[in-house]
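Below, each chain spelled out in residue letters.
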Amino acid sequence: MQSHSLFLSALAAALFLVLVSAAGQVRAEFADSYSLKPAASGFTRNDGQWPPEILYRAGANGTLYWFTQDGVYLQYTRERKLAEVRATDGPASALPLPTPDEVLMLKYSYVGINPTALIQADGEQEHKSNFFLGNDPARWRTGVPTFQKIIYDNIYDGISLCFEALATGIDQTLLISPGADPAQVQMLVEGAADYAVDETGGVRIETPWGIIVQSSPHVEYVGSAQAQSALGSYVALADGSLKLTLTPAEETTGRTDRAITPTFSTYLGGSSAEIAYDLAAASTGEVYICGTTHSADFPVLNPYDNSYNSSSDLFVTKFNPAGNSLAYSTYLGGSGGEVPYALALYGAGSSAAVVLVGVTGSSNFPTLQALDAALTGASDAFVTMLASTGSALTFSTYLGGSSDETAYDVEVRCQPPCLLQDIRIFLTGSTSSSDFPVLNAFDATLSGSSDAFLTQIKLNTVFQSSLVYSTFYGGSSVETGYSVTLAPGTPLKPYITGYTASSNLPVANAYDASLDGTVDAFIAGFDVGGNGQLYALFSTYFGGVEPNPLLEGRDHGQSIVTRPNGNIVVSGTLLSNGLATQGAFDTFKSTDSSDAFVAEFTPLAASLVACTYLGGLGQEDHLFGVSGKLKLDAAGNVYVAGITTSPFFPTQDGFSTTLGGPADGYLVKLDPTLSTMKYGTYIGGSAADKAVAVSVDPSGCAYVCGSTGSSNFPIVAPYDGTNNSNDAFLTKICIPQFVCGDADGNGSVSIGDAVYIINYIFAGGPAPSPIAAGDTDCSGSISIGDAVYLINYIFAGGPAPCAGC
């Protein structure tokens, strides 16, 4: 019983500490019993229903916020006491009297701000508001959107101010970029009788109704070179304004730096431009990477081809496990140009062969044991197998018709039971040729200007090739197949994803049977009947309608994988709202921009398990149709890499938490439920950087490749430490070691960790680093249950935080 009492007391104390110390929030301490009028949550845009100086309105905890270009008004409204109304308005009456509202108004004015600071909204909510104000219908507004947060971007030089609607109130966070001076931040409180800084660094504001407390400000550095967060305090100046001072959070909490950092990170290229398109990590640690080079001096070693053939060749490079030397590196191409969009490994570890697919415009592209030895259109897809040494081909062929083809993805397996060498190559892409080679086809006819295609090629024991099946897939408009995977188990059943603009896509057992926007993602799975002919197990749209008619709906599936239980996980890019599911990591899409997404379906895409957006205030993955690839690790966590132009892309434990240039790569690890980010980071420097693909090894380390124009790209233990022009890059990232339950990062587990978790959940405090350190019950996410679990362990002898979290 005593242990139980200690447990409850500790939990109550932890909750109290959090509720009275929510950084960056306002709390009224009015002494009388007047009830404050409630206010709607979220940030509602002014579409003309209010005076033009008002930009947004929000409310929480009885405070109504009005946001203008130069500051924020805080409005409190209460009903007057009945006795006061009667004393003021006349003699008492037996009838109830109306109780007119009283209003108290304050204003936070920010001194010396940039007058043209751009105010941006993010996270549009599902509900809309209608305003029928006055008798003039011209002033009425319907369908007015509400948002999760607004940001005064660059309100001071290098400093932005973010307001976010949380369960506990409106959170105010100052976002400080590298080199920016926090002393620029000064605030005046207008309309108060008096105000003073208290011992916590917050402000106690005296009003005729009582005290209003503005807690010490929540501050985050968004530069990779500085601390991720800081504790802010106000200091009163002689002129009555309040200046911001900062103390790094690490100095006050004992946190150690446990952000993810690259194990190695290297450039790869010659004197001209390169971009890496895909990679694969072997179980023994070697990394295989492919891309396009425009350099005659690209590094080669033990090559199949040591000479640059044209304006662009493809390259294949194999790195040793440390990432600081090459096992082989070769050109591959002809007199035209090549782009290798994907690779897959066949074989084990360091002895694996590499299968490449992409597009070539070369009439003399090298072929061997080919299905088709001649270029038949302006460009054809190609399929090439490079021997494990990197110095020889075992198979290479064109694939196409009289128009254009591109292959975007490939999977390779042996044919079960794999007793003899019987290699099966599955590829998907796009074709505009009516005479594209088909066999045992689901659809033998080109239906629109271009269709997706799905092809299986067989290689026998001496690498002679033949078609198993090949099919068009599409409707009367445009389709592209971006990714292919195989269902778990046998027989080998291919699933593909991509995009469609056709309203008559051939659907079967569909989750969504209709085109909802201008372009939707599609997901389709196939099997072979007893006659050898391909048929659809399922075929479905996935997408929505973009609410802004000027943008139209454009939703793309870019990568597809399957779980051991048969569930299907797809990533891509969305312009449509309303597709995320409750409990997902991010349920709101950025306004008027594309977000990445990850969606999980039950087997055969019968129903949606979960869907989350992933993005900030800019664009994600729209710049590059084949980016945004995803992988799963052995525990079911989801890794997504892509491209972002968003200055506030969500990060967690990242080695870079700010957008460094016009575009950066990103890497995100989500838990298996798609509800929690385990880590997230920008990848880039001060120029344009693109992360295109990700691979994961058996230990859970992630490998990312792409291209960079940054001379200050984060380089660690590199093979090549100098960017010559626009180079490819390869970066390996492993999550650091940590103690489960050590949420505050001080090296031990104590009641402070429970307080830290509660502060994170209820008051918008910093997240545990890494986030998994706070998942004490190993549920895959962080909730109040983790704090209870930890307190029970400390005070009541409960089970220890799980070792696997």
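Residues numbered from 1 in each chain as written. Predicted model: local features only at pLDDT ≥ 70, side-chain atom pairs only at ≥ 80, totals over all residues. Heavy atoms only, no water.

Trainee: What am I meant to see in helix α5 (residues 784–796) here?
Mentor: Helical geometry note: an α-helix holds 3.6 residues per turn, so side chains three or four residues apart project in the same direction. Across its 13 residues, α5 extends 17 Å between first and last C-alpha, which sits within 8% of the 18 Å expected from 1.5 Å per residue. Considered for burial, the residues of α5 that qualify are Asp 786, Ala 787, Leu 790 and Ile 791. Projected down its long axis, α5 carries its buried residues within an arc of 130°, all on one side. (Helix = DSSP H or I, 4+ residues; strand = E, 2+ residues; numbered from the N terminus. Expected span 1.5 Å × (residues − 1). Buried < 20%, exposed > 50% of the residue type's maximum accessible area, 1.4 Å probe, protein only. Arc of directions from axis to C-beta.)

Trainee: Just checking my understanding: could you explain the sheet that holds strand β21 (residues 313–319) for this structure?
Mentor: Where strands meet in a sheet, backbone hydrogen bonds hold them as pairs that are either parallel or antiparallel. In spatial order, the strands read β19-β20-β21-β22; together these 4 strands make up an open sheet with antiparallel pairing. Taken across any chain shown, the strands that pair with only one partner, and hence form the sheet edges, are β19 (274–281) and β22 (326–332). Adjacent strand axes in the sheet meet at a mean angle of 15° when their direction is disregarded. By the bridge criterion, 6 bridges tie β21 to β22 in an arrangement that is antiparallel. Its bridge partner being in β22, Lys 318 is matched across the sheet by Tyr 328. (Pairing = 2+ DSSP bridges. Axes fitted to C-alpha atoms, helices over the stretch in contact; angles between N-to-C directions.)

Trainee: How should the state of the cysteines be read in this particular structure?
Mentor: Two cysteines, two sulfur atoms, one covalent bond between them: this is a disulfide. Counted by the stated rule, this structure contains 2 disulfides. Sulfur-sulfur distance for the disulfide between Cys 414 and Cys 418 comes to 1.9 Å. Across the S-S bond linking Cys 414 and Cys 418, the dihedral sits near 85°, which makes this disulfide right-handed. The disulfide that involves Cys 701 links it to Cys 734, with 2.0 Å between the sulfurs. Since a negative S-S torsion denotes a left-handed disulfide, the Cys 701-Cys 734 link at about 115° is right-handed. Within this pair, whereas Cys 701 is found in the loop between β43 (689–696) and β44 (702–708), its partner Cys 734 is found in strand β45 (residues 727–734), the two being separated by 33 residues in sequence. No disulfide involves Cys 290; its sulfur sits 7.3 Å from that of Cys 705, the nearest cysteine. On the accessibility criterion, Cys 290 (0% relative accessible area) is buried. (Disulfide = S-S within 2.5 Å.)

Trainee: What is the right way to look at the packing of aromatic side chains in this model?
Mentor: The way to describe two aromatic rings as a pair is by their centre distance and the angle between their planes. If you walk through the whole model with that rule in mind, you get 34 aromatic pairs. Between Tyr 639 and Tyr 679, the ring centres sit 6.5 Å apart and the planes meet at 70°, which makes this aromatic pair edge-to-face. Placement of the pair is Tyr 639 in strand β40 (residues 638–644) and Tyr 679 in strand β42 (residues 677–683), with a sequence separation of 40 residues. Assigned by exposure class, Tyr 639 and Tyr 679 land together as buried. Taken together, the ring pairs in this structure connect Phe 43, Tyr 65, Phe 67, Tyr 152 and Phe 163 into an aromatic cluster. (Phe/Tyr/Trp six-rings, centres within 6.5 Å; stacked < 30°, edge-to-face > 60°.)

Trainee: Help me out: how do you make sense of the sheet that holds strand β29 (residues 451–459) in this one?
Mentor: Strand order in this open sheet of 4 strands is β27-β28-β29-β30, and the pairing throughout is antiparallel. Two strands bound the open sheet, and with one partner strand each, they are β27 (405–414) and β30 (465–473). Adjacent strand axes in the sheet meet at a mean angle of 15°, parallel and antiparallel pairs treated alike. Here β27 runs beside strand β28 (residues 423–431); their pairing, made up of 9 bridges, is antiparallel. Looking at β28, one finds that Arg 413 is bridged to Arg 424.

Trainee: Any chance you could explain the pairing of strand β23 (residues 338–346) here in plain terms?
Mentor: Buried residues dominate β23, accounting for 7 of its 9 residues. Alignment of β23 against strand β24 (residues 353–360), held across 8 bridges, turns out to be antiparallel. By the bridge assignment, Val 339 is partnered in β24 with Val 359. As consecutive antiparallel partners, β23 and β24 are separated by 6 residues, and within that stretch Gly 347 has a phi angle of approximately 115°, a positive value.

Trainee: It is not clear to me how unusual backbone geometry should be interpreted in this structure. Could you clarify?
Mentor: That bond from Pro 416 to Pro 417 is cis: its omega, 10°, falls within 30 degrees of zero. Here Pro 417 lies in the loop between β27 and β28. Of note, the amide linkage connecting Thr 490 to Pro 491 takes the cis form, showing an omega dihedral of 0°. Within the secondary structure, Pro 491 is located in the loop between β31 (479–486) and β32 (494–500). Residues other than glycine seldom take positive phi values, yet Cys 418 does so here, at roughly 65°. Counting through the fold element by element, Cys 418 comes out in the loop between β27 and β28.

Trainee: Before we go on, may I ask you to explain the confidence of the model for the protein in this structure?
Mentor: Regions with low pLDDT carry predicted coordinates that are not meant to be interpreted in detail. Put simply, the protein has an average pLDDT of 85, and 86% of its residues get 70 or more. Ignoring residues within four places in sequence, the model shows residues 248–257, a span with pLDDT below 50, making 22 contacts including any to other chains. (pLDDT = per-residue confidence, 0-100. Contact = heavy atoms within 4.5 Å.)

Trainee: Hey, could you run me through the layout of surface pockets in this one?
Mentor: If you roll a probe as big as a water molecule over the atoms, it shows you where there is empty space left. Taken as a whole, the second largest pocket encloses approximately 1000 Å³ of empty space. Secondary-structure elements contributing two or more residues to the lining of the second largest pocket are β19, β23, β27, β31, β35 (556–562), β39 (630–632) and β43. In terms of residues, the lining of the second largest pocket owes the most to one element, β27, which gives 6 residues. Considered class by class, the residues forming the lining of the second largest pocket number 26 nonpolar, 9 polar and 8 charged. (1 Å grid on protein atoms, 1.4 Å probe; cavity = no way out; pocket = protein on both sides within 12 Å on 5 of 7 lines; lining within 4 Å. Points joined across faces, edges and corners; volume = space filled by probe spheres on them. Nonpolar A, V, L, I, M, F, W, Y, C, P; charged D, E, K, R; others polar.)

Trainee: So what exactly am I meant to see when it comes to the pairing of β43 here?
Mentor: Every regular strand shows the same layout, with side chains that alternate between the two sheet faces. Of all 8 residues making up β43, 7 are buried, and the element is well covered by its neighbours. Pairing of β43 with β44, which is carried by 7 bridges, proceeds in the antiparallel orientation. Across the sheet, Lys 690 pairs through a bridge with Ser 707, a residue of β44. In this antiparallel pair of consecutive strands, β43 and β44, the connection spans 5 residues, and Gly 700 shows a positive phi of 90°.

Trainee: Help me understand the environment of Tyr 108 in this model?
Mentor: With respect to the helices, strands and loops of the structure, Tyr 108 is situated in strand β6 (residues 101–110). Not counting the four nearest positions on each side in its chain, Tyr 108 is found in contact with Val 26, Asp 70, Gly 71, Val 72, Leu 74, Gln 172, Met 187, Leu 188, Val 189, Ile 205 and Gln 214. At a separation of 3.0 Å, a polar atom in the side chain of Tyr 108 contacts the side chain of Gln 214. (Polar contact = N/O pair within 3.5 Å; in protein donor to acceptor, adjacent residues only side chain to side chain.)

Trainee: Which parts of the structure should I look at to understand the nonpolar core?
Mentor: Nonpolar side chains in soluble globular proteins generally cluster together in the buried interior. If you look at the biggest cluster of nonpolar residues, it comprises 43 residues, and the most contacted ones within it are Phe 43, Phe 67, Tyr 110, Tyr 152 and Phe 163. Considering every element that reaches this core, the biggest residue donor is strand β8 (residues 141–156), with 5 residues. (Core = buried A, V, L, I, M, F, W, Y, C linked by side-chain atoms within 4.5 Å.)

Trainee: I would appreciate a short explanation of a nonpolar patch on the surface in the present structure.
Mentor: Residues Ile 751, Tyr 793 and Ile 794 make up a contiguous nonpolar surface patch of roughly 210 Å² in combined accessible area. For Tyr 793, the position within the fold is in helix α5. The exposure class assigned to Tyr 793 is partly exposed, which follows from its relative accessible area of 31%. (Patch = residues over 30% accessible without salt bridge, like charges linked within 9 Å, V, L, I, M, F, W, Y side chains within 5 Å. Areas by Shrake-Rupley, 256 points an atom, 1.4 Å probe, with all protein chains shown as cover. Salt bridge = Lys/Arg side-chain N within 4 Å of Asp/Glu carboxyl O.)

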